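So you can see what is in the structure, the chains are spelled out below.
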Amino acid sequence: MMDTTKTGKKIFLASLAVAAVACGDSNEPAGPVIPDKPSGDKAASMVIYQVNPRFYGESDCLKAVTDDISRIADMGCDVIWLMPIYEIGVKNSIGSPYCVKDYKSVAASLGTMEDLKELVSVAHGKGLDVILDWVANHTSWDNTWTITNPERYAKDANGNIAATPSWGDVAQLDYSVESTRTGMKEAMKFWIEQADIDGFRCDYAEGVPHSFWKEAITELRAEDPDVIMLAESSRTDFYADGFDMVYDWNFAPAMKTLFNGGKPAAFHDYVTGSNAKIPSGKTILRYAFNHDVAAENEVDRMFGAPEGVPAAYVLAAMSNSTPMIYSSMDVEGLKGKLSFFNHRKLDFSPELTATYKAINNAFKVSAEARGGELKNYAQNEAVVFSRENGGKTLLVMVNPSAKAISVKTPISFTGMQVSELISGEETSLPVMTDIPAYGYKICLLYTSPS
């Protein structure tokens, strides 16, 4: 029987497989299974799946997420990020899940504390970590603290609890007050101790002082040395607070430009500049969509067409980051802007699930090669780049357009034997490589080109 305790789960995660197999083009999405031996450290091969529980129905959402964990794990994901699960405030509310009424409750529409514990237990049994969305900057106007601890809030000129500068539906917390810091840290520890949670994605981290995050992360890691901390900020000074990851805010907009007529060569300059700011042992979060991007853009058109979304995810995954899939990217037929406030039942596509599984396999087997310098071979119509490290070379070619193209294989790779990491085929690279609309090839060479 698998050990599903936190210690047993961490040991299991350390032995997770990272495919020693092959990969190919986007027309054969199933891909090989993840093998037994890891290549590269956990951070180099971690995939996050962002779960909006409200996309799992009108009620009992956490139970529905639990039922979906096997699919998420089989897709090659390692971390489930649960968007806010807390009871939402009513006073001045616009229905945002980031308007928290009680930091220690589960919203009735989502389920119960026991449902959450079962979700975490099942996830751990599948080798997945679970992190919660944490809202430390503000609360709802009817949060329990407004009654029990009003001193924890900023005040307006009349001495009343003040709204945040940006959002009128929430009240601003005051971190110059020690009670605020103590209460917030105690609430975060509650979820580690009571629900075996593995970490936090910290909403609007920039609204909270660095000194608090340093204190909180130090104390959380005393509870769990492996706690995962993700800051919703692109500022690299949050690494010094103890965060493992920050956001690459501009990646999704940059990919939107690329997939709508932008210059492929710009990809190299963007990623190289962004990656240079990441300290050793840390990582950066990249995605095609998250909840904000999907709410602000037409999901079927942002990357030219729905078929462009997996291709954009390939670029996120292969740019030496921690890639993330948002629960909706694996759903067929979504159109327009996708609000994350409302409950709705999404039906996840087996075909898209297989597509992302194959990309994640390619991501994991290439962990060692991705540690090398990114070399740019971009052409007028295609993003083409390689990375070389540890005697392994990765070659990636992506067509960000709605038409099929022929891409000139970089001369140093022409004729070389490669593993195509989507199809699993062993082949030699021709002088010209045909790539369908929004297609991609991800190839691994086990000996470096001359």
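All residue numbers refer to positions counted from 1 along the written sequence of the respective chain. Where totals are concerned, whole chains, interfaces and linings use all residues; where local detail is concerned, this predicted model gives features only for residues with pLDDT of at least 70, and gives and counts side-chain atom pairs only at 80 or more. To get the side-chain values, all heavy atoms of the structure are used, and hydrogens and water are removed first.

**Student:** Talk me through the sheet that holds strand β10 (residues 322–326); I want residue IDs and the actual numbers.
**Tutor:** In this description, strands pair whenever DSSP reports at least two bridges between them. Under the DSSP-based scheme used, a helix requires at least four consecutive residues in state H or I and a strand at least two consecutive residues in state E, with every element numbered from the N terminus. Taken in spatial order, the eight strands close into a barrel running β1-β2-β3-β6-β7-β8-β9-β10, and their pairing is parallel. Looking at each pair of strands side by side, their axes are set apart by 25 degrees on average, direction ignored. Both strand β1 (residues 48–51) and strand β2 (residues 79–82) contribute to a ladder of four bridges, which runs parallel. Note on β2: the bridge partner recorded for Gln50 is Trp81. On top of the sheet, helix α2 (residues 61–74) reaches β1 and β2; it is set at about 155 degrees to β1, its chief contact. For every element, the axis is a line fit to its C-alpha atoms; helices are fit only across the contacting stretch, and the angle between N-to-C directions ranges from 0 to 180 degrees. Here, residues are in contact when the closest pair of their heavy atoms is within 4.5 Å.

**Student:** Mind laying out unusual backbone geometry, listing which residues take part and the relevant values?
**Tutor:** In the Ramachandran plot, Asn92 falls in the positive-phi region, its phi being about 60 degrees despite a non-glycine side chain. By secondary structure assignment, the location of Asn92 is in the loop between β2 and α3 (113–125).

**Student:** Mind laying out the pairing of strand β7 (residues 228–231), listing which residues take part and the relevant values?
**Tutor:** Going residue by residue along β7, you find Ile228 and Leu230 tucked away on one face and Met229 and Ala231 tucked away on the opposite face as well. Judged from the four bridges that link them, strand β6 (residues 199–203) and β7 form a sheet pairing that is parallel. Bridged to Phe200 within β7 is Met229. Every crossover in which the path from the first strand over the helix to the second runs clockwise, viewed with the strands pointing away from the viewer, is termed right-handed. Taking the sense of rotation as the criterion, the β-α-β connection linking β6, helix α6 (residues 210–223) and β7 turns out right-handed. For β7 and strand β8 (residues 245–247), the ladder comprises two bridges, and the chain directions are parallel. Counted as the bridge partner of Leu230 is Met245 from β8. Classification of residues uses two cut-offs on accessible area relative to the type maximum, computed with a 1.4 Å probe and protein chains only: under 20% is buried, over 50% is exposed, and between them is partly exposed.

**Student:** Help me get a handle on the sheet that holds strand β12 (residues 383–389), residues and values and all.
**Tutor:** Pairing in this open sheet of six strands is antiparallel, and the strands run β11-β12-β13-β18-β15-β16 from one edge to the other. Since the sheet does not close on itself, it has two edges, and those belong to β11 (374–376) and β16 (426–428), each with one partner. Neighbouring strand axes in the sheet, compared pairwise and without regard to direction, differ in orientation by 30 degrees on average. With three bridges connecting them, β11 and β12 associate as antiparallel partners. The partner of Lys375 across the bridge, within β12, is Ser386.

**Student:** Please provide a residue-by-residue account of helix α5 (residues 178–195), values included.
**Tutor:** Taking 1.5 Å of rise per residue, 18 residues should cover 26 Å, and α5 covers 26 Å from first to last C-alpha, within 8% of that figure. Three or more residues of α5 are buried, namely Thr180, Arg181, Gly183, Met184, Lys185, Ala187, Met188, Lys189, Phe190, Trp191, Ile192 and Ala195. Where α5 is buried, its residues contact α3, β3 (129–135), α4 (145–148), β6, α6 and β7. Just past α5, the residue Asp196 takes up positive phi, approximately 65 degrees. One less than the residue count of a helix, multiplied by 1.5 Å, gives the span that helix is expected to have.

**Student:** Report on the packing of aromatic side chains, specifying residues and quantitative values.
**Tutor:** Two rings belonging to Phe, Tyr or Trp (six-membered ring only in the last case) form a pair when the distance between their centres is within 6.5 Å. Interplanar angles under 30 degrees mark stacking, angles over 60 mark edge-to-face geometry, and anything in between is tilted. Applying the stated rule across the entire model yields 24 aromatic pairs. Aromatic side chains Trp167 and Tyr204 sit 5.4 Å apart centroid to centroid with 90 degrees between the ring planes, which places their arrangement in the edge-to-face category. Linking Trp167 in the loop between α4 and β5 (170–172) with Tyr204 in the loop between β6 and α6, this pair joins segments that are 37 residues apart in sequence. Classification of Trp167 by relative accessible area gives partly exposed; the value is 36%. Here Tyr204 falls in the partly exposed class, since its relative accessible area comes to 29%. Aromatic side chains Tyr247 and Tyr287 sit 5.9 Å apart centroid to centroid with 75 degrees between the ring planes, which places their arrangement in the edge-to-face category. Of the two residues, Tyr247 sits in strand β8 while Tyr287 sits in strand β9 (residues 283–287), which places them 40 residues apart along the sequence. For the residue pair Tyr247 and Tyr287, the accessibility class agrees, reading buried in each case. In this structure an aromatic cluster arises from ring pairing among Tyr86, Tyr103, Trp134, Trp145, Phe190, Trp191 and Phe200. Should the NZ of a Lys or the CZ of an Arg lie within 6 Å of a ring centre and within 35 degrees of the ring normal, that charge is described as sitting over the ring. Residue placement shows Arg71 over the ring face of Phe348; its charged tip is 4.2 Å from the ring centre. Directly above the ring of Trp145 sits Arg152, whose terminal nitrogen or CZ lies 4.4 Å from the centroid.

**Student:** Give a detailed account of the pattern of salt bridges, specifying residues and quantitative values.
**Tutor:** Oppositely charged side chains can pair when the atoms bearing their charge come close. The rule for a salt bridge is simple: a side-chain nitrogen of Lys or Arg has to be within 4 Å of a carboxyl oxygen of Asp or Glu. A full pass over the atoms with the stated rule returns 23 salt bridges. One salt bridge connects Lys185 with Glu219, and the closest N-O pair in it is separated by 3.0 Å. Placement of the pair is Lys185 in helix α5 and Glu219 in helix α6, with a sequence separation of 34 residues. The structure contains a network of salt bridges with shared partners spanning Arg181, Lys185, Lys189, Glu215 and Glu219.

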